[in-house]
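If you want the building blocks of each chain, they are given just below.
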Amino acid sequence: MITKPKKMSVAAPEDEELVGHHEEADSDECAAEGDVGAGGDAKKKKKKKKKPKKKRVEQSDPPGVGLSKIFTDGVYPEGEVQPYKNDNAWRTTSEEKRYLEKMALEDPEVTYQNIRRAAEVHRQVRRYARKYIRPGQSLTEIAEYIENGTRALVEENGLECGVGFPTGLSLNSCAAHFTPNAGDTTILQSGDILKVDFGVHVKGRILDSAFTLTWEPTYDKLVEAVKAATDTGVREAGVDVRLGELAGYIQETMESYEVEVKGKVLPVKPIENLSGHSIGVYQIHGGKSVLLVKNEDPTKMEEGDYFAIETFGSTGRGRVVDSGDCSHFAKIIDAPRVPIRLTSAKSLLRTITTNFGTLPFCRRYLDRIGESKYLLALNHLVQQGIVQDYPPLCDAIGSMTAQFEHTILLRPTVKEVVSRGDDY
């Protein structure tokens, strides 16, 4: 059985003045009867007035209401549930696995409420963002709209919860890892294909999900192909599934589509050197990769794994290269201990550790917290192997790329697509 996230509904308040009016009338009638029946000696019986129902808090537009004010009990909607298939179908009814799931929910270190809270933030922010984003806007305006909404809804609090990684706004042949740096003046055009990739984290549990937007129909089949490939990856994923085989299912779906551009039919190609990935605590790339073309990787998905099932399709060569100014960076988890000779680099590293830990960040985020003239220090940390840079990844100029992505959780009994919404 497949269930979708519960939709929030707001109960209409009763007409409280009218209710009070009827109560007073009833009370007067009862009193009058008592006066007649007992010679006027009976006491008036007062009925207690009903307390007015509290109106449920609604999200604002633009989104700015913290989720704790909407979900006051701290319980957040479950994602789409998909049962395991074939040899793992027994997990759905296993008493042992149900017990393990119950224990997980009660363990504050393991609880699914953190990732579900992050997922609900993502769903609400993107619902408004999809209405807000239009040609004519700057990419900086779009990025700040998404990030401001994310910070407000997750109720950002240092490294406890906040933005999971920089908002990716990659255009056309650029598939991933582009976010505007300070001073960027790029304006979204009606013929562009925009990949919107943003993340939310709660206590280090990162929700990673992405979608593609277009404003004219030429590349609708490309977008459809990538969405279908991502859904295939989600459907076929599960405990004990080999990553190389899963990539084959994704490739088969993607390559079954074609795009007609100006009378020429182009195949949709999976981008062979991009991949989905497992997600660790405060670690966006957890060590396991789901490539988009079939391969011999025998690594298996395991119970308890979090995965970003992420697919990219292209009308170009199906391979990306580094291109353009870098905006994305992250402190390496197991970085070597090496001497840092630049005083400015030591200071910047302390700032990165305090504000981002091992979560990805971008140059705009450094600007936001008051850092300036940091490029030399940042490049030094990259050269020393302490910080990893992630340049924009682009296919051939003139080609078009699309992306869709979901975060899934391999629970003991079922697979939960935590980022699923009504939109994708």
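For the structure, see preceding data.
The sections below set out a description of the structure shown in this document. (Residues numbered from 1 in each chain as written. Predicted model: local features only at pLDDT ≥ 70, side-chain atom pairs only at ≥ 80, totals over all residues. Heavy atoms only, no water.)

**Considerations on the side chain of Q403**
To keep things clear, this is the line we draw: In this description a helix means any DSSP run of H or I spanning at least four residues, a strand means any run of E spanning at least two, and both kinds are numbered starting from the N terminus. The classification of residues rests on relative accessible area computed with a 1.4 Å probe and restricted to protein chains. Under 20% of the type maximum is buried, over 50% is exposed, and intermediate values are partly exposed. Identification of polar contacts relies on pairs of N or O atoms within 3.5 Å, with a donor-acceptor requirement for protein atoms, meaning one able to donate a hydrogen and the other able to accept it, and with residues adjacent in sequence counted only if both atoms are side-chain atoms. Working rule for contacts: check all heavy atoms of both residues, and any pair within 4.5 Å makes them a contact.
Locating Q403 in the fold gives a position in strand β17 (residues 401–410). Judged by relative accessible area, Q403 falls into the buried class, the value being 1%. A polar atom in the side chain of Q403 sits 3.0 Å from the side chain of D197. Reaching out from Q403, the side chain makes a polar contact with the side chain of E310 at a distance of 2.9 Å. Look past the residues within four positions of Q403 in its chain and what remains in contact with it is A175, K195, D197, A210, F211, T212, V226, E310, T311 and F312.

**Details of the layout of surface pockets**
The condition that has to hold: The method works on a 1 Å grid over the protein atoms by themselves. A cavity is a set of points holding a 1.4 Å probe that cannot get out, a pocket is an open set with protein on both sides within 12 Å along at least five of seven lines, and residues with an atom within 4 Å of a point line them. Grid points are joined across faces, edges and corners, and a volume is the space filled by probe spheres set on the points. When residues are grouped by polarity, Ala, Val, Leu, Ile, Met, Phe, Trp, Tyr, Cys and Pro land in nonpolar, Asp, Glu, Lys and Arg in charged, and all others, Gly among them, in polar.
Of the volumes computed, that of the largest pocket is approximately 720 Å³. As for the largest pocket, its lining consists of 41 residues, of which H177, H277, I284, H285 and Y390 are closest to the centre. Of all the elements in the fold, those that place two or more residues in the lining of the largest pocket are β2 (161–171), β3 (174–176), β4 (193–202), β9 (275–278), β11 (306–314), β13 (328–331), β15 (387–390) and β17. Here the lining of the largest pocket is composed, by residue class, of 16 nonpolar, 16 polar and 9 charged.

**Details of the pairing of strand β5 (residues 205–214)**
How we decide: At least two bridges found by DSSP between two strands are what make those strands a pair.
By the criterion of burial, β5 is predominantly enclosed, with 9 of the 10 residues buried. Taken together, the 10 bridges between β4 and β5 define a ladder with antiparallel strand orientation. Paired with L194 across the bridge in β5 is L213. Hairpin connection of β4 to β5: 2 residues between the antiparallel strands, including K203 at a positive phi of 55 degrees.

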